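# Breakdown of the fold
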Amino acid sequence: MIAASAMPSAVTRFAPSPNGPLHLGHAWAALVAHDRAHADGGTFLLRIEDIDGARSRPELAAAFRADLAWLGLSWHEVLPQSQRVAHYRQAADALRAAGLLYPCRCTRAEIAAAATTQGPDGPIYPGTCRQHPVAPGPDVAWRLDMAKAAALAGPLSWVDERRGEQRATPEMFGDVVLWRKDAPASYHLAATVDDAADGVSVVTRGIDLFRASHVHRLLQALLGLPVPRWHHHAVLIGADGRKLAKRRDAPGLAERRLAGEDGVALAAALRAGLFDTGICLADTIDLLP
């Protein structure tokens, strides 16, 4: 057994998208990642995930940095996703060359109408364009042939620090999109490539993304990338039982910061489990969307 002192220090990351202000749920996620890294003298990274087209706003990235500093956090910033698109393309090209991607023109409405089963992300793609191939072009998405990919990779497992070793079962997602019509790489591909490039050794993220790690473990195997550990933490939910979200107008950190609230005191309260009225932690994989 390796002594604890000989274990490598953790590298974690906080990777917000600048399409809306950070809120209390983001503060909690950043604290978990920051504290997990610093618990053993590791490194906490900030990565801006800004490939969401016109929704990505540079001024919000600047606000994120101010918010994190206000909370009393320090970090090392790595390249934003907008400067990594060539790397995503290389990964997609490698998967395409291996015969694992196929073009798809189906709309969400067509998929919903044809799907017969549900997966973690909604209706499972029924394989229409895999069974009836379409020509590549600028108007297609590229999907992973999940059955072929899983067979090529063979049995896989991954380790969550809170829930132990997991057998990878990415098949529950069906043929996921890895290259989008409206933007570059999907979350699955971009996050997997980024974490490897940044040397992330412990992927901290909310328990609501637990199942996504099955897909990411498969992509690591297919692309020959290093395998980190994962730490899926509880998330903050509101009185309605739903995860705090930008789209539901969760109160922004910048608003509280500019109002003169003490950010370091807020961080201390969060660490102590003292949340705003109506907010609590949820630690179940199946959360209301």
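Look up: the structure comes first, before these words.
First, a word on what this report is: a plain description of the structure on this page. (Residues numbered from 1 in each chain as written. Predicted model: local features only at pLDDT ≥ 70, side-chain atom pairs only at ≥ 80, totals over all residues. Heavy atoms only, no water.)

## Topic: the overall build of the protein chain
When helices and strands are tallied, the protein chain shows 10 helices and 14 strands. Scaling as 2.2 N^0.38, a compact globule of 289 residues should have a C-alpha radius of gyration of about 19 Å, and the protein chain matches this with 20 Å. Projected onto its principal axes, the C-alpha positions of the protein chain cover 60 × 50 × 35 Å. Each of the 289 residues in the protein chain was classed as buried or not, and the buried ones make up 49%. Taking all contacts inside the protein chain whose residues are at least 6 apart in sequence as the whole, residues at least 24 apart take part in 80%. A total accessible area of about 13700 Å² is found for the protein chain, and carbon and sulfur atoms account for 56% of it. (Helix = DSSP H or I, 4+ residues; strand = E, 2+ residues; numbered from the N terminus. Rg over C-alpha atoms; globule rule 2.2 N^0.38 Å. Buried < 20%, exposed > 50% of the residue type's maximum accessible area, 1.4 Å probe, protein only. Contact = heavy atoms within 4.5 Å. Areas by Shrake-Rupley, 256 points an atom, 1.4 Å probe, with all protein chains shown as cover.)

## A short note on the pairing of strand S9 (residues 164-167)
Relative to S9, strand S8 (residues 157-160) runs antiparallel, the two sharing 4 bridges. Counted as the bridge partner of Asp160 is Gly164 from S9. Here S8 hands over to S9 after 3 residues, the two strands then running antiparallel side by side. (Pairing = 2+ DSSP bridges.)

## Some words on the nonpolar core
Residues Leu144, Leu178, Trp179, Leu189 and Leu222 are the most contacted members of the largest nonpolar core, which totals 40 residues. Those elements that place two or more of their residues in this core are helix H3 (85-97), strand S7 (141-144), helix H6 (146-153), strand S10 (177-179), helix H7 (187-197), helix H8 (212-223) and strand S13 (235-237). When residues in this core are grouped by element, the largest group, 5 residues, is from H3. Not counting the four nearest positions on each side in its chain, Leu144 is found in contact with Leu100, Leu101, Tyr102, Ala149, Asp175, Val176, Leu178, Leu218, Leu219 and Leu222. Core analysis: the next-biggest nonpolar cluster, separate from the first, contains 29 residues, Leu22, Leu24, Val32 and Ile279 among them. (Core = buried A, V, L, I, M, F, W, Y, C linked by side-chain atoms within 4.5 Å.)

## Notes on H8
The first and last C-alpha atoms of H8 sit 17 Å apart over 12 residues, in line with the 16 Å expected at 1.5 Å per residue. Burial of H8 is extensive: 10 of the 12 residues sit out of reach of the surface. Two residues or fewer after H8 comes Gly224, characterised by a positive phi angle close to 70°. (Expected span 1.5 Å × (residues − 1).)

## A few points about the environment of Pro228
Relative to the helices and strands, Pro228 is located in the loop between H8 and strand S12 (229-233). Using a relative accessible area of 10% as the deciding quantity, one classes Pro228 as buried. For the pair Pro228 and Val200, spaced 28 residues apart in the sequence, the C-alpha separation amounts to 6.8 Å. The contacts of Pro228, once residues within four sequence positions are left out, are Val200, Ser201, Val202, Val203 and Gln220.

## Brief notes about the pattern of salt bridges
Enumeration over the complete set of coordinates arrives at 24 salt bridges. Between Arg13 and Asp195 there is a salt bridge, and its shortest N-O distance comes to 2.8 Å. One end of the pair, Arg13, is in strand S1 (residues 11-14); the other, Asp195, is in helix H7, with 182 residues separating them in the sequence. We classify Arg13 as buried; its relative accessible area is 6%. Taking relative accessible area as the criterion, Asp195 reaches 7% and is therefore assigned buried. (Salt bridge = Lys/Arg side-chain N within 4 Å of Asp/Glu carboxyl O.)

## A short note on the packing of aromatic side chains
In this description, a pair of aromatic rings is defined by centroid distance and the angle of the planes. Under the criterion given, the structure shown has 3 aromatic pairs. Both rings, one in Trp158 and one in Trp230, keep their centres 5.3 Å apart while their planes meet at 70°; by these two values the pair is edge-to-face. With a gap of 72 residues between them, Trp158 in strand S8 and Trp230 in strand S12 connect regions that are remote in the sequence. Note on accessibility: Trp158 and Trp230 belong to one class, buried. (Phe/Tyr/Trp six-rings, centres within 6.5 Å; stacked < 30°, edge-to-face > 60°.)

## So, the sheet that holds strand S2 (residues 43-46)
Across the sheet, which stays open at both edges, the 3 strands sit in the order S1-S2-S3 with parallel pairing between neighbours. Of all strands in the sheet, those bounded by a partner on one side alone are S1 and strand S3 (76-77). Two elements, S2 and S3, share 2 bridges in a ladder whose sense is parallel. Each bridged residue has a counterpart across the sheet, and for Leu45 the counterpart in S3 is His76. Strand contacts of helix H1 (residues 24-38): S1 and S2, with the helix running at about 165° to S1, the strand carrying the most contacts. (Axes fitted to C-alpha atoms, helices over the stretch in contact; angles between N-to-C directions.)

## Some points on the sheet that holds strand S4 (residues 101-104)
With respect to topology, 3 strands assemble into an open sheet ordered S4-S7-S10, the strand pairing being antiparallel. The open sheet terminates on both sides in strands that have one partner only, identified here as S4 and S10. Each neighbouring strand pair of the sheet contributes to a mean axis angle of 45°, computed without reference to strand direction.

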